[in-house]
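# Residue-level structural notes
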Amino acid sequence: MNIGQLIDLVYLASGLSLFMLAGVIFRENPAGRLNIIASIMLFFAGIGPLAASAYGSFLEGIPDIPTWLLNSFYVWELFFPALLYFSAIFPEPRPFYYRYKKLLQIAFLPTVFHLLMVVFMAEPERVLSLLTFESSFPIIGAILSLVFEILRMITAFIGFLLLFHSRFFSIINLAYVVLALIILYYGYKRIENLRLKQQVRVVIYGISIGVGLYTLAIIIPTIFAINLTNPVRDAMVMLGLIVGPGSISWAIVKYQFLDIGLIARKSLVYSISTAIVVGGYLIIVMQAGSIIQSLIGRESQMMNVLVIIVMLLFFQPIYTQVDDFVKRIFIRSRGDFSQILESFSREISTVFQEEKLAATVKDTLKREMFIENVEVCFRETERVYKLVSLDPTGPRVEMEEHTYNYLISKQAPLFADEISSKMDERCLGDALKHHSTEVIVPLIRKDELAGLLFLSSKVAGFRYGSEDLSFLKILANQIVVALESCELYRESLEKQRMEEELAVAKQIQRGLLPGELPLMRNFDFAAFIEPSRQVGGDYYDFIPISSERTGIVIADASGKGVPAALFTARMQVMIQSEARFGKRLEEMMFSINNFLSESSSGERFATCFYGEIDDNERRLFYCNAGHNYPILVRKNGSAESLKKGGLILGAFPEERYETGEVLFEPGDVLVLYTDGLSEAMDDNNIEFGEQRLTENIRKFRVHPAEVISSMIVKSVKQFAAGINDLDDMTLVVVRAKET
Amino acid sequence: MKLTSREENSIVILEPRGKIMGGPDATILHDQLHEFIDQDKKRVVIDLAKVEWMNSTGLGILISGLTTLRNNGGELKLARVTEKIESLLTITKLITVFDNYDSVEDALKSFD
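In this text the structure is predicted, and so the values were computed from the model without any measurement.

### Here's the deal with unusual backbone geometry
All names here are of chain A. Phi is positive for Lys446, close to 45°, though the residue is something other than glycine. Looking at the secondary structure, you find Lys446 in the loop between β5 (437-445) and β6 (448-456). Positive phi is not limited to glycine here, since Asn685 has a value of about 60°.

### Things to note about helix α2 (residues 56-71) of chain B
Spanning 16 residues, α2(B) covers 22 Å between terminal C-alpha atoms, matching the ideal 22 Å at 1.5 Å per step. B:Gly73, located one to two residues past α2(B), shows a positive phi value of around 80°.

### Topic: the interface of chain B and chain A
Across the contact, 15 residues belong to chain B and 17 residues belong to chain A. No other element matches the eight residues that α2(B) contributes to the side of chain B that touches chain A. For the side of chain B that touches chain A, the per-class residue count stands at six nonpolar, eight polar and one charged.

### A few points about the pairing of strand β3 (residues 43-47) of chain B
Residue and element names in this part refer to chain B. Burial runs high along β3: five of the five residues are buried. The alternating pattern of β3 places Arg43, Val45 and Asp47 and Val44 and Ile46 on opposite faces, both of which are buried. Where strand β2 (residues 11-20) lies against β3, three bridges are found, and the strand directions are parallel. The partner of Val12 across the bridge, within β3, is Val44. Pairing geometry for β3 and strand β5 (residues 75-79), over five bridges, is parallel. What sits directly across from Val44, in β5, is Leu76.

### Looking at the packing of helix α21 (residues 561-580) of chain A against helix α22 (residues 585-598) of chain A
All names here are of chain A. Running from N to C, α21 and α22 point in directions that differ by 150°, and their axes come no closer than 10 Å. Considered as vectors, α21 and α22 are oriented roughly antiparallel to each other. For the crossing formed where α21 meets α22, the hand is right-handed. Side by side, α21 and α22 meet where Met571, Met574, Ile575, Glu578 and Ala579 of the first sit next to Met588, Ser591, Ile592, Phe595 and Leu596 of the second. Here the contact of α21 with α22 is built from residues that sort into eight nonpolar, one polar and one charged.

### Topic: the sheet that holds strand β12 (residues 631-633) of chain A
All names here are of chain A. Across the sheet, which stays open at both edges, the five strands sit in the order β7-β17-β16-β12-β13 with antiparallel pairing between neighbours. Edge positions in the sheet fall to β7 (523-530) and β13 (639-641), since each of these pairs with one other strand and no more. Averaged over all pairs of adjacent strands, the angle between strand axes in this sheet comes to 15°, irrespective of strand direction. Direction of pairing for β7 relative to strand β17 (residues 729-736): antiparallel, over a ladder of eight bridges. Directly across from Phe525, in β17, lies its bridge partner Val734. Where helix α24 (residues 689-700) meets the sheet, its contacts fall on β12, β13 and β16 (669-673), and the angle it forms with β12 comes to roughly 35°. Along the sheet, helix α25 (residues 705-719) contacts β7, β16 and β17; its crossing angle with β17, the most-contacted strand, is approximately 150°.

So, how was this worked out
- Residues numbered from 1 in each chain as written.
- Chains lettered and ligands numbered in written order.
- Predicted model: local features only at pLDDT ≥ 70, side-chain atom pairs only at ≥ 80, totals over all residues.
- Helix = DSSP H or I, 4+ residues; strand = E, 2+ residues; numbered from the N terminus.
- Expected span 1.5 Å × (residues − 1).
- Contact = placed C-beta atoms within 7 Å.
- Nonpolar A, V, L, I, M, F, W, Y, C, P; charged D, E, K, R; others polar.
- Buried ≥ 20, exposed ≤ 12 C-beta atoms within 10 Å, placed from the backbone.
- Pairing = 2+ DSSP bridges.
- Axes fitted to C-alpha atoms, helices over the stretch in contact; angles between N-to-C directions.
- Parallel < 35°, antiparallel > 145°, perpendicular 65-115°, else oblique.
- Left-handed = near helix turned anticlockwise from the far one by under 90°.

Structural data, given as C-alpha cells:
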C-alpha cells in the first residue's frame, strides 16, 4: 500500500465517521433544531473526504469523466453555511438568531449558486455551442435570437467567473469560517454550566483546529495562489479531518455532547474501535504478501495464508484489549449513569440531614444531567410537601387526593404534561408552572409519597430520554433510602440527647446530696432519695452550722430534668450560704425567695422546708415554704404537722415568712418527705397519702431512724407495686434518741 | 387536659378539664392565657371545677399567668377549686395569693 492509498483510506474513514456522527446526532432527537443542523453540517462535511477518497481511489483512473460530475462534489461546501448556522444556535440560540434567521438561511444561497454554476456550467463552450439558433419565422427568430444572445452573454460571464470561481468562493468560505468561529467563541463565553462548558470547549477546539487546518491547507493557498507541496497539504487536511470529527465524537462519548444517550455513545465507541482494529488488520493482511516477498525473495501463497491465520490468532486478543481499553476510558466515564449512582450513594451515605440530602440531589442532577433547575420536596404532613430551601417558611405543596394516588400508582418518574391536567391547579399546578417543571419524580416509600423532585428543562434544550427516566427511578430509590436514614439518625439523636440530659440532671441532683448523715448526741438521722426516670427537682441536705446546730433541708423544685436540677442547685447555694451566715429563719427565707423570684419568671419555683436542730436543747426551728407538711409523731403516738412558714420559693417576691418551733422529747420522730412519696399511687389510683404515712411512722417509731426510713420506703413500694414512678421520692427521718 | 373558654362582660372564663400536668398539655393553658393578654383581655377567671389534679408544672402555669396578668394591670381569679387542689394551694400557701371563689358568678362579681 502506498501513501496515496493510505490517504484515500483515511479520507474514506473520516468521511464515514462524519456520516455516522451525523446519523447518531440526528437519531437522538430528529425534531431538535440543534440536532438537525449539527447532523446536516456533519453530513456535508463527510461528503468532502468521501469524494476525495472516491476520486483518489478509482475515479481518477477513469478516462472521460465529465467535469460536471466531478464538480458535483462541490456540494460538500454547503458545510460552510451550515457551520455558520450551527454556530448561531450552539449550544443555545443566540439572541440575534431569531432576528437574522432569514439571513442565516440566505447564507446558503452563494454556495448553492456556486454548486449550480460548477455543475451546469461546467463547460461553458459546450453550452455556448448549444445556444445557436436559426429560424424560418423572422419575428420569432429575431426575438429568440435576442434571448439567446442575452443567454450567451450570461454564459460567457459565468464562463469568465469560472476562471477564478474557486478563489472567489474560497474567500466566501473563509468569511463563513471566521464568522462562525467568532460566534462560537462568544457563545462559549456565555455558558455557565461547567460540564456544558467543558463539552462545548472540546467541540469548539475540534472544529477550530479541523476547519483551521483546512483553511491553511486549501482555502488560503487557493486565494493567494500559493503552491503547497502535496504531502504538506495532505497531512494538514487529514489531521483536520481526524481532529474535527474526533473532537465531536470525544465530546459525545466523554461529556454526553448533545446529551446523546448511553447506547448511542457505546455503539459509537465500539464502531470506532472496531474500525481501527479491523482497519489495522486489513492493512497488515493486505501488506502481508509484499512483506513476505521482500523477506524470502519470492511470492508464496502458502506463507500468505499462514500469516493471515497467525494474524487472526493475534487479532482476537488485540481486539479484546482494545475493547477493554475503550470501556475503561469512555464508557465508565463520569457521564455513565452507573458511575453517577455509585458516587451519589457514596456521597449520601454520610448525609444525615434532609437539607444536605436535598442539596446533594440538586447538585448531582444539575451537574450530571444538565438540568437547569431542580426542586426537592419532602413530606411534612399528610399530602403536604415542603420545598426544601434555606427559608423554613418556604412554600408548601399541597396535593389533591387523586393526584396523590396517581403518583403513587405510577411509581416512576413522569413527564409533567402527563399529570398537569390531573394536578390541582391551585397548588401543585402552581409549583409546576413556577419552576417550569418538565419531569416529576415521586419518592415512594412503602406505598407512601415521601417526597417529590421537580425537574426543569435541561440546559441548551436537551431533552429527557427513556434512559434518563429509568436512571431517575433508581436515583429516587436511593434518595428514599437516604431519607429513611436521615429520619433514623434524627430519632436516635433526639433519644441520645434526652438520655444525656437525664444523665446530667441525675448527676447534678446526686451532687447536691450530702455525703454523710450528721452525728448528734440526742438525734439520729436517716435519708432516702430515689430519682424518677425523668429526674425531678427533689433534694435534701444537712448543713453543719455549729457543733450544736445542724440545718435540715428538704425541697422539691417544679418541673423535671436539667432545668429543675439547676434551679435546685441555685437554691442550695443560697440556703447554704444564708444558713451559715446565722440569720433568723424568716429573714433567710425572705431573701432566698426574693433572689429566686427575681431570677425566675414565676413558672419555676420550689417547695422547701428548712429547719435547724439544736442538739443541746433538743429544739427545732423551722420555716416551711409551701412544702408538704412534715409529720411529727410523738413518743405517745400523737401526730403534728409542721405548717408554719410561708409561700413557695421563687413564685412571688417580697413574701413574708414565719418561723415555727418544736421541742423534741426522747422518742419523738420527725419525718420530712416530698409529694413523690405521699402521692405514690396503687393500681386503683389511690394515693399512699399522709394518713398511711402517719400510721407507718407510728408503727415503727420505737426503732432507730434508719429502720423507720427503710420500713416506710418498703411500705410505699409495696403499696404502689408495679406502678411506674412518676416523681422523685425523698424521705428524711429525724428521731430524738431515748437514752 | 381539655380547655374551653368563653367570655362574659369582657371577662374571660377558662374551663380546663382533666389533669393539669406537664408537657404539651400544660402549654395549651399557658399559650391561651398569653393569647388573651395579647388581645388586651386581662380579666380572667379559671374555673377549676373539672380539674382533677395538677402537679407543680400546673401550679407554675397558674403562677406565671397571675404574674403576667398583674404586671399588665389585669387579674386572674380562681373559681370552684376542688378539695384536692385546694389542699395543694393550702400547703404551698398559694391560697394566700390567688383569689378563689365558690362559684364562677362570685368570681365575675368580684371584678366589679
